[in-house]
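Each chain, written out:
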Amino acid sequence: DGSNGKVVLNGGVNVTTADVAASNGTIHIVDRVLLPSIVDTAVGYKDGAAEFKTLVTAVTAADLGATLSGPGTLTVFAPTDAAFAALKTSLGDTKWNALLADKTKLARVLKYHVLGSVAFAKDVKSGQVDTLAGATDKLTLSVAAGQVTVTDAATPAGGKPASVVLADLPTSNGVIHVIDRVLVPANLGL
């Protein structure tokens with residue numbers, strides 16, 4: 001930023017001490033840890049078991065990049081590429097391609113994975129939560145023996161909810177929990 005003689009990074013991280021000489025360069029001391037946004041984390045994430053290429057492509061197609069990259073406090077239940085592949089198989093190519101081509105439906109599905117506040121795994125309580133998809137698109141979170149599961153509107157009675165397989169990936173604008181299934185809101189028309 002550089003206004004008023006201060007250097008500010010990412011809209012809120014202040015350089016408190018600049019130009020500290022080091023043996024291999026210069027250090028600038030900041031007052032907070034610099035973290036990537038939710039989208040930047042998803043773009044670069046690959047741990048050998050999980051990647052988010054399909055999620056990132058869908059976020060771009062639905063024009064939600066700014067929403068998930070901007071300032072805020074969000075929790076994203078991020079389906080892996082394997083979770084999207086399973087949804088594609090269950091829908092079939094025709095319905096899958098129709099979902100990807102319908103920006104409104106795709107945005108609703110993606111927003112259904114996002115809470116408007118930060119919820120680290122230790123803070124999650126069992127019960128219904130609102131999503132960015134709208135007041136009628138709620139998720140049910142369950143916590144048992146430290147394991148968080150997420151039930152969506154499409155989970156049949158007695159069906160398997162999505163499991164949080166990796167919790168608490170911190171980002172500059174919230175937290176990501178990796179899940180093993182794509183969440184689908186009610187009455188999507190697929």
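Residues numbered from 1 in each chain as written. Predicted model: local features only at pLDDT ≥ 70, side-chain atom pairs only at ≥ 80, totals over all residues. Heavy atoms only, no water.

Caption draft 1: Expanded view of the overall build of the chain. Looking only at helices and strands, the chain features six helices and ten strands. Long-range pairs, those at least 24 residues apart, make up 56% of the contacts in the chain between residues at least 6 apart in sequence. (Helix = DSSP H or I, 4+ residues; strand = E, 2+ residues; numbered from the N terminus. Contact = heavy atoms within 4.5 Å.)

Caption draft 2: Structural detail: the pairing of strand S8 (residues 147–151). Judged from the five bridges that link them, strand S7 (residues 134–144) and S8 form a sheet pairing that is antiparallel. Of the residues in S8, the one forming a bridge with Thr140 is Thr151. In this structure, the hairpin formed by S7 and S8 is closed by a connection of two residues, where Ala145 is found at a positive phi of approximately 55°. Bridging between S8 and strand S9 (residues 162–171) involves two bridges; their strand directions are antiparallel. (Pairing = 2+ DSSP bridges.)

Caption draft 3: Fine view of the nonpolar core. If you look at the biggest cluster of nonpolar residues, it comprises 30 residues, and the most contacted ones within it are Leu55 and Leu110. Setting aside residues no more than four positions away along its own chain, Leu110 makes contact with Leu55, Ala58, Val59, Ala62, Leu64 and Phe84. Counting residues in hydrophobic clusters, the runner-up holds 14 residues, among them Leu115, Val129, Ala162 and Leu183. (Core = buried A, V, L, I, M, F, W, Y, C linked by side-chain atoms within 4.5 Å. Buried < 20%, exposed > 50% of the residue type's maximum accessible area, 1.4 Å probe, protein only.)

Caption draft 4: Molecular detail of helix H4 (residues 81–91). Every buried residue belonging to H4 is among Ala83, Phe84, Leu87 and Leu91, and all of these are buried. Buried residues along H4 cover an arc of 100° about the axis, so they all sit on one side. Turned more than 90 degrees off the buried face of H4, the exposed positions are Ala82 and Thr89. Turning to H4, the residues buried within the fold contact helix H2 (53–61), strand S4 (74–79), helix H5 (93–101), helix H6 (103–111) and strand S10 (174–179). Where H4 ends, the next residue or the one after it, Gly92, has phi of about 90°, a positive value. (Arc of directions from axis to C-beta.)

Caption draft 5: Representation of the confidence of the model for the chain within the structure. On average, residues of the chain score 83 in pLDDT, and 82% of them reach the 70 mark or higher. Ranking the elements of the chain by mean pLDDT puts strand S1 (residues 8–9) last, at 57, and H6 first, at 95. (pLDDT = per-residue confidence, 0-100.)

Caption draft 6: Structural detail: the side chain of Thr80. As for its placement among the helices and strands, Thr80 is situated in the loop between S4 and H4. You can call Thr80 buried: its relative accessible area is 9%. Look past the residues within four positions of Thr80 in its chain and what remains in contact with it is Ala50, Glu51, Phe52, Val178 and Ile179.

Caption draft 7: Local environment of the pattern of salt bridges. Throughout the structure, instances matching the rule amount to seven salt bridges. Between Asp152 and Arg181 there is a salt bridge whose closest N-O contact spans 3.2 Å. Taken as a pair, Asp152 in the loop between S8 and S9 and Arg181 in the segment after S10 lie far apart in primary sequence, 29 residues in all. Residue classification places Arg181 among the partly exposed residues on the basis of a relative accessible area of 22%. A salt bridge links Asp180 to Lys160; the shortest N-O distance between them is 3.3 Å. Placement of the pair is Asp180 in the segment after S10 and Lys160 in the loop between S8 and S9, with a sequence separation of 20 residues. Taking relative accessible area as the criterion, Lys160 reaches 58% and is therefore assigned exposed. (Salt bridge = Lys/Arg side-chain N within 4 Å of Asp/Glu carboxyl O.)

Caption draft 8: Main features of the packing of H5 against H6. Across the interface, H5 lies against H6 with an axial gap of 5 Å and an inter-helix angle of 90°. When the interaxial angle is binned, H5 and H6 end up roughly perpendicular. Across the interface between the two elements, Leu99, Leu100 and Ala101 from H5 touch Lys103, Lys105, Leu106 and Val109 from H6. (Axes fitted to C-alpha atoms, helices over the stretch in contact; angles between N-to-C directions. Parallel < 35°, antiparallel > 145°, perpendicular 65-115°, else oblique.)

Caption draft 9: Focus on unusual backbone geometry. With a phi angle near 55°, Ala145 is a residue other than glycine that sits in the positive phi range. On the accessibility criterion, Ala145 (90% relative accessible area) is exposed.

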